[in-house]
Amino acid sequence: MKKLALIISFLMLFSMAACTDNNNNPDTNNPGTNTPGEETPGNGENNLNGNTGVDLPGDGDLEGDTETLKGSAQGYGGEVTVTVMVNGEDIVSVEVMGEKETPGVGTNAIEQLPEKIEEADSTDVEAISGATVTSNAIKEAVDKALEGRK
């Protein structure tokens, strides 16, 4: 019985250690993440730094006047930044960068929420289940970017 309690205690301790946050520590084991100040590759690959691989259209690709706006907000693991392209009231694209968000949790919001915002032309969309903090940060950053226009 004592051995079982010891094993369970060890497993609980190990699982808690695996969930700790490494704020301000670059992840040297994951080549897909960038340290602050590094450029993010725009090669169309998905990676944990939030680059969804969306190539933003240039001004010549859309009719009318397009604007490129930027905003940021505090996510679960650090700052989340967005680049939003708008054409009038139409949100054409949203690119999210959040290299310190939790892989498999916050990264789900980074991958899924931009499309929802683009389709709704609004941040009035549901958060991604399990990634509420990151979802709210993305929506706040988009709102801040949109406030900066005009």
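Our subject is the structure that appears above.
Note that this is a predicted model, so its numbers are computed, not measured.

Engineer: Even after reading the chapter, I still don't get the overall build of the chain, so can you show me in this structure?
Structural biologist: Tallying secondary structure elements over the chain gives three helices and three strands in all. Starting at the N terminus and walking to the C terminus, you meet the elements of the chain as α-β-β-β-α-α. Here the chain has roughly 9,400 Å² of accessible surface; of this, 51% comes from carbon and sulfur atoms.

Engineer: In this structure, what is going on with the side chain of Ser135? I would like to understand it.
Structural biologist: Position of Ser135 among the secondary structure elements: in helix α3 (residues 132–147). The exposure class of Ser135 is buried, given its relative accessible area of 0%. A distance of 3.0 Å separates a polar side-chain atom of Ser135 from the backbone nitrogen of Ile128. In this view, Ser135 contacts Ala109, Leu113, Ala127 and Ile128; residues no more than four positions away in its chain are not counted.

Engineer: Any chance you could explain the pairing of strand β3 (residues 90–97) here in plain terms?
Structural biologist: Each regular strand displays side chains that alternate between the two surfaces of the sheet. Counting buried residues in β3 gives six out of eight residues, a clear majority hidden from the surface. Bridge analysis of strand β2 (residues 79–87) against β3 gives seven bridges, and the strand direction is antiparallel. In the strand pairing of β3, Val84 is matched with Val94. Where β2 folds back onto β3 in an antiparallel hairpin, the turn is made up of two residues, including Gly88, whose phi is positive at roughly 70 degrees.

Engineer: Is there a simple way to explain the sheet that holds β3 in this structure?
Structural biologist: Backbone-to-backbone hydrogen bonds pair the strands of a sheet. The strands run either parallel or antiparallel. Read across the open sheet, the three strands follow the order β1-β2-β3; overall the sheet is antiparallel. Each edge of the open sheet carries a strand with a single partner, namely β1 (66–74) and β3. The sheet shows a mean angle of 20 degrees between the axes of neighbouring strands, direction not considered.

Engineer: Can you help me understand helix α2 (residues 106–120) in this one?
Structural biologist: Since the α-helix advances by 3.6 residues per turn, residues separated by three or four positions end up pointing in the same direction. Between the first and last C-alpha of α2 there are 21 Å, a value that for 15 residues agrees with the 21 Å anticipated at 1.5 Å per step. Maximal helix bending in α2 amounts to about 35 degrees, located at Gln112; proline Pro114 follows within four positions. When we look at burial in α2, the residues that qualify are Gly106, Thr107, Ala109, Ile110, Leu113, Pro114 and Ile117. Of the surrounding secondary structure, the elements contacted by the buried residues of α2 are β3 and α3. Immediately beyond the C-terminal end of α2, within one or two residues, lies Asp121, with a positive phi of roughly 50 degrees.

Engineer: Sorry if this is basic, but what is going on with the pairing of β1 here?
Structural biologist: With nine bridges connecting them, β1 and β2 associate as antiparallel partners. Bridged to Leu69 within β2 is Val84. Two successive antiparallel strands, β1 and β2, enclose a turn made up of four residues.

How each quantity is defined
- Residues numbered from 1 in each chain as written.
- Predicted model: local features only at pLDDT ≥ 70, side-chain atom pairs only at ≥ 80, totals over all residues.
- Heavy atoms only, no water.
- Helix = DSSP H or I, 4+ residues; strand = E, 2+ residues; numbered from the N terminus.
- Areas by Shrake-Rupley, 256 points an atom, 1.4 Å probe, with all protein chains shown as cover.
- Buried < 20%, exposed > 50% of the residue type's maximum accessible area, 1.4 Å probe, protein only.
- Polar contact = N/O pair within 3.5 Å; in protein donor to acceptor, adjacent residues only side chain to side chain.
- Contact = heavy atoms within 4.5 Å.
- Pairing = 2+ DSSP bridges.
- Axes fitted to C-alpha atoms, helices over the stretch in contact; angles between N-to-C directions.
- Expected span 1.5 Å × (residues − 1).
- Bend = angle between axes of the 7 residues up to and from the residue.

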